[in-house]
Amino acid sequence: MDVIESRLKQRGVRLKRFDSPVPAAEHLAVAVADRLSTAMAERGQASLALSGGRSPVRFLDALARQAIDWSRVRLTLVDERWVPESDAQSNAALLRSRLAAIFPRLQWLPLYRGVTPAADAAQVDAQLADWLPLDLVVLGMGVDGHTASLFPHAEGLTGWLDGNCDAGCVASRAADGTPRLTLTGRALHSARFRLLAISGDAKLRTLCTAVEADQPARWPISAFVQAPMDIYYCPEDGQPDDSPV
């Protein structure tokens with residue numbers, strides 16, 4: 001742990017460790033609310049991109065309890081499976097469900113539009129341009145080192161990871177070939193602050209390898225582990241019983 005903390009410190013990144021998922025989720029939610037409140041105080045509104053999947057369930061529940069002016073928050077996703085909200089795998093459906101108490105007040109920018117992945121990405125990119133730079137991005141990471149839907153060795157990955165990527169949102173594919181929509185380095189690197197939430201020893205080992213190797217084509221997360229960023233880590237990977245698969 002000391003080695004990874006030293007490597008991260010060299011990049012201007014802080015690693016915050018928690019004993020279990022509940023305090024990690026609660027502290028992450030408070031950190032997000034504080035960042036959004038600061039952005040609103042400085043610029044009148046705030047923009048936020050959240051990750052979906054299984055891991056953020058407790059965090060999303062905690063976030064919904066934060067008492068800030070959610071009507072001034074622009075919300076989008078870091079990535080999305082190319083499925084409608086009626087599909088159980090939809091990240092948008094997860095956010096709408098877990099943030100139900102605040103969702104109607106949010107300014108929501110969905111990624112899935114139901115045309116084609118490429119056409120949907122182009123529509124999102126056009127709308128997202130007015131949101132950049134984002135105020136805050138909350139990333140997750142897979143055990144393979146992917147973040148958002150930026151997977152190792154994907155065609156076009158090097159360009160997508162670049163902060164000067166032509167598009168802020170593109171159509172990508174998961175490792176199994178299923179279509180996705182993902183924000184690119186153009187949007188993710190623009191963020192005034194980034195948070196990364198990981199849990200479990202396997203993901204910590206992946207993070208250590210990614211930071212040490214510094215090969216984004218193999219470990220896409222390494223392109224984003226740089227200041228300004230905080231990493232929230234806990235060793236347990238348990239989730240609520242009703243969390244999606």
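Residues numbered from 1 in each chain as written. Predicted model: local features only at pLDDT ≥ 70, side-chain atom pairs only at ≥ 80, totals over all residues. Heavy atoms only, no water.

### Brief notes about the pairing of strand β6 (residues 136–139)
Phase 1 of the analysis: Side-chain alternation along β6 places L136 and V138 on one buried face and V137 and L139 on a second face that is also buried.
Phase 2 of the analysis: Two elements, strand β2 (residues 46–50) and β6, share two bridges in a ladder whose sense is parallel. Bridge assignment links A49 to a residue of β6, and that residue is V137.
Phase 3 of the analysis: The pairing of β6 with strand β9 (residues 193–199) spans four bridges and is parallel. Along β9, the bridge assignment pairs V138 with L195. (Buried < 20%, exposed > 50% of the residue type's maximum accessible area, 1.4 Å probe, protein only. Helix = DSSP H or I, 4+ residues; strand = E, 2+ residues; numbered from the N terminus. Pairing = 2+ DSSP bridges.)

### Topic: the nonpolar core
Phase 1 of the analysis: By size, the foremost hydrophobic cluster in this structure holds 83 residues, and its most contacted members are L50, F59, L99 and I231.
Phase 2 of the analysis: At 10 residues, helix α2 (residues 21–43) tops the list of elements feeding residues into this core.
Phase 3 of the analysis: Apart from residues no more than four positions distant in its own chain, L99 is found in contact with L50, L60, L63, A64 and L75. (Core = buried A, V, L, I, M, F, W, Y, C linked by side-chain atoms within 4.5 Å. Contact = heavy atoms within 4.5 Å.)

### Thoughts on the state of the cysteines
Phase 1 of the analysis: One pass over the full model with this rule turns up zero disulfides.
Phase 2 of the analysis: Counting only cysteine sulfurs, C169 is the nearest neighbor of C165, a cysteine outside any disulfide, at a range of 10 Å. (Disulfide = S-S within 2.5 Å.)

### Digging into the packing of aromatic side chains
Phase 1 of the analysis: Counted by the stated rule, this structure contains three aromatic pairs.
Phase 2 of the analysis: Relative to Y232, the ring of F18 has its centre 5.7 Å away and its plane inclined at 10°; by these criteria the two rings are stacked. With F18 in the loop between β1 (13–17) and α2 and Y232 in strand β10 (residues 229–234), the pair connects residues that are 214 residues apart, well separated along the chain. A single burial state applies to F18 and to Y232, both of which are buried.
Phase 3 of the analysis: Residue placement shows R35 over the ring face of F193; its charged tip is 3.6 Å from the ring centre.
Phase 4 of the analysis: Just above the ring of W219 sits the side chain of R218; from NZ or CZ to the centre is 4.0 Å. (Phe/Tyr/Trp six-rings, centres within 6.5 Å; stacked < 30°, edge-to-face > 60°. Lys NZ or Arg CZ within 6 Å of the ring centre and 35° of its normal.)

### Brief notes about the side chain of T182
Phase 1 of the analysis: Among the secondary structure elements, T182 is positioned in strand β8 (residues 179–183).
Phase 2 of the analysis: A polar contact is formed between the side chain of T182 and the backbone nitrogen of S149, at a distance of 3.1 Å. (Polar contact = N/O pair within 3.5 Å; in protein donor to acceptor, adjacent residues only side chain to side chain.)

### Digging into the environment of S47
Phase 1 of the analysis: Positionally, S47 belongs in strand β2.
Phase 2 of the analysis: For S47, a relative accessible area of 3% puts it in the buried group.
Phase 3 of the analysis: It is 8.4 Å that separates the C-alpha atoms of S47 and L132, two residues lying 85 residues apart in sequence.
Phase 4 of the analysis: Not counting the four nearest positions on each side in its chain, S47 is found in contact with L36, R74, W131, P133, L134, D135 and L136.

### Some details on α2
Phase 1 of the analysis: With 23 residues, α2 extends 33 Å between its outermost C-alpha atoms, agreeing within 8% with the 33 Å of an ideal straight helix rising 1.5 Å per residue.
Phase 2 of the analysis: Residues P21, A24, A25, L28, A29, A31, V32, A33, L36, A39 and M40 constitute the buried set of α2.
Phase 3 of the analysis: Elements that come into contact with the buried residues of α2 comprise β2, α3 (57–63), β3 (73–77), β6, β9 and β10. (Expected span 1.5 Å × (residues − 1).)

### So, unusual backbone geometry
Phase 1 of the analysis: In this structure, P133 follows L132 across a cis peptide bond, with omega equal to 0°.
Phase 2 of the analysis: Here P133 shows up in the loop between α5 (117–128) and β6.
Phase 3 of the analysis: Cis geometry is found at the peptide bond from A227 to P228, where omega equals 0°.
Phase 4 of the analysis: Within the secondary structure, P228 is located in the loop between α8 (201–213) and β10.
Phase 5 of the analysis: Even without being glycine, A148 reaches a positive phi, approximately 50°.
Phase 6 of the analysis: Tracing the backbone shows A148 in the loop between β6 and α6 (157–161).
Phase 7 of the analysis: Residue A148 is classed as buried on the basis of its relative accessible area of 8%.
Phase 8 of the analysis: Phi is positive for D214, which is not a glycine, with a value near 50°.
Phase 9 of the analysis: By the element assignment, D214 lies in the loop between α8 and β10.
Phase 10 of the analysis: By relative accessible area, which is 45% here, D214 ends up partly exposed.

### With respect to the confidence of the model for the chain
Phase 1 of the analysis: When pLDDT is averaged along the chain, the result is 94, and 96% of the positions lie at 70 or above.
Phase 2 of the analysis: Note that residues 240–245 has pLDDT below 50 and, in this model, 12 contacts with residues that lie over four places away or in other chains. (pLDDT = per-residue confidence, 0-100.)

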